[in-house]
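# Understanding the architecture of this molecule
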Amino acid sequence: IWFLHKIGRSSPSIASGGEISAEDRVGFDAVYSSVEHLCIFHELGACRATAKKMRLCLKQEKSTYEQLHDLAIELRGRLIDEMAERTFFSLTLEEAHYYTEPRKGWEEIIQKFPDATSDIEEASKCYALSRYAAAVFHSLQVVETGLIQLGALIGVTDPLSGWTATTNRLKKIIDTKHQNRTEFQQKNFAFLEQIHGTVEGLKNAWRNKVSHAHGKLALLTVDFSAEVAEEILFATRAFMRRLATDAPLPEST
């Protein structure tokens, strides 16, 4: 296509279809070398074959602009045909942001909870691709990671550590009289009380959508709108950021 544009210029040698100049041989070869690599990357076999023929033409003595022009037309046609067989997805600017920068805004959370990295990335990418139930599922996995570590911090002994065990332990600490709390609980009571309120808020927000049975989070429905999925994604990030910045957790190694 670039060659077709160039060949339309007013240069006499090009317009007459004469021999390709040494300067153009170098320039065209650089262009079609890149085209060939792009065809390999995008698995455009027919286009790649034509790009190879064009580069071979450029290496032959006395090859002409007319010969290269004919191959450029062939390449254009093959490109149109091969691309017509592909499926393309168009993202809005906001969706593209979620897909290309899935970790943005989560940096301090990832630093504190590296095990949640994969689910954080998948939650953002699934949201970008309108796979809202999948985005919510991965959000719940992120929350689960934080709750398990929080449970270990506050002394959860239930072998099925997770949502239920951690929230039950938090409630027990909150309901315990001040003098009967441990030194750690007394020192961090304000944080624990606020986290308990946040967890209960999440539970209410997810009512009839998420099950908290048996200490695990699971979807009760796959019918999530973009707005609900985004709210859950934001709530997850806010909750995990609070844990990452305020919880007296050990540094990740």
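Overview of the structure. Along each chain, numbering runs from 1 in the same order as the chain's sequence is written. Only residues with pLDDT of at least 70 get local features here, since the model is predicted, and only at 80 or more are side-chain atom pairs given and counted; chain-wide, interface and lining totals rely on the full set of residues. Hydrogens and water molecules were not included; the side-chain quantities draw on all heavy atoms of the structure.

## A word on the overall build of the protein
- When helices and strands are tallied, the protein shows 13 helices and 2 strands.
- Expressed as a percentage of the 253 residues in the protein, the buried residues total 39%.
- In what follows, a contact means two residues having at least one pair of non-hydrogen atoms within 4.5 Å. The contacts in the protein between residues at least 6 apart in sequence include a share of 64% that link residues at least 24 apart.
- When the accessible surface of the protein is split by element, carbon and sulfur atoms take 53% of a total near 14,500 Å². In this text, helices come from DSSP runs of H or I with a minimum length of four residues, and strands from runs of E with a minimum of two, each type numbered from the N-terminal end. Each residue is assigned to one of three classes by its accessible area relative to the maximum for its type, calculated with a 1.4 Å probe on protein chains only: buried under 20%, partly exposed between the two thresholds, exposed over 50%. Computed with the Shrake-Rupley method and a 1.4 Å probe, the accessible areas treat only the protein chains shown as cover for residues.

## Comments concerning the packing of helix H6 (residues 93-100) against helix H8 (residues 117-128)
- Look at H6 against H8: their axes get within 7 Å of each other, and the N-to-C directions meet at 155 degrees. On the basis of their axis angle, the class for H6 and H8 is roughly antiparallel. The crossing of H6 and H8 is left-handed. Contacts from Glu 95, Tyr 98 and Tyr 99 in H6 reach Ser 124, Lys 125, Tyr 127 and Ala 128 in H8.
- Only Asp, Glu, Lys and Arg are considered charged in this grouping, and only Ala, Val, Leu, Ile, Met, Phe, Trp, Tyr, Cys and Pro are considered nonpolar; every other residue, Gly among them, is considered polar. When its residues are assigned to classes, the contact of H6 with H8 shows 4 nonpolar, 1 polar and 2 charged. Convention adopted: a line fitted to C-alpha atoms gives each axis, helices being fitted over their contacting stretch, and angles between N-to-C directions are expressed from 0 to 180 degrees. For classification, angles of less than 35 degrees are called roughly parallel, those exceeding 145 degrees roughly antiparallel, those between 65 and 115 degrees roughly perpendicular, and all remaining angles oblique. Note: crossing handedness is left-handed where the near helix turns anticlockwise from the far helix by less than a right angle, and right-handed where it turns clockwise.

## Focus on the pattern of salt bridges
- Salt-bridge detection follows one rule: a side-chain nitrogen of Lys or Arg within 4 Å of a carboxyl oxygen of Asp or Glu. Counted under the stated rule, the structure contains 11 salt bridges.
- Glu 19 is the salt-bridge partner of Lys 62, the closest N and O atoms lying 3.9 Å from each other. One end of the pair, Lys 62, is in the loop between helix H4 (45-59) and helix H5 (65-84); the other, Glu 19, is in the loop between helix H2 (12-15) and helix H3 (22-41), with 43 residues separating them in the sequence.
- Judged by its relative accessible area of 59%, Lys 62 is exposed.
- Relative accessible area serves as the criterion here: at 46%, Glu 19 is assigned to the partly exposed category.
- A single salt-bridge network, built from bridges that share partners, covers Asp 29, Glu 36, Arg 48, Arg 55 and Lys 59.

## Topic: the side chain of Thr 166
- Along the chain, Thr 166 falls in helix H10 (residues 163-175).
- Judged by relative accessible area, which is 0%, Thr 166 ranks as buried.
- For this analysis, a polar contact is any N or O atom pair within 3.5 Å, provided that within protein one partner can donate a hydrogen and the other can accept it, and provided that sequence-adjacent residues contribute only side-chain to side-chain pairs. At 3.0 Å, the side chain of Thr 166 and the backbone oxygen of Leu 147 are in polar contact.
- Setting aside anything within four residues of it in sequence, one finds Thr 166 in contact with Leu 147, Leu 150, Gly 151, Ile 154 and Val 156.

## Here we look at a nonpolar patch on the surface
- Taken together, Leu 91, Tyr 99 and Leu 129 make up a surface patch of nonpolar side chains, about 240 Å² in accessible area.
- Tracing the chain through its elements places Leu 91 in the loop between H5 and H6.
- Residue Leu 91 is classed as partly exposed on the basis of its relative accessible area, which comes to 31%. Candidates for patches are residues over 30% relative accessible area with no salt bridge; among them, like charges are joined within 9 Å and nonpolar side chains (Val, Leu, Ile, Met, Phe, Trp, Tyr) within 5 Å.

## What to know about the nonpolar core
- Working definition of a nonpolar core: buried Ala, Val, Leu, Ile, Met, Phe, Trp, Tyr and Cys residues. They are joined through side-chain atoms within 4.5 Å. Within the largest apolar cluster, 43 residues are counted, with the highest numbers of intra-cluster contacts made by Trp 163, Ile 195, Trp 206, Phe 239 and Leu 243.
- A per-element tally of this core places helix H9 (residues 132-153) first, with 9 residues.
- Look past the residues within four positions of Phe 239 in its chain and what remains in contact with it is Val 143, Leu 147, Ile 195, Thr 198, Val 199 and Leu 202.
- Within the second largest apolar cluster, 14 residues are counted, among which are Ile 20, Cys 39, Leu 44 and Leu 71.

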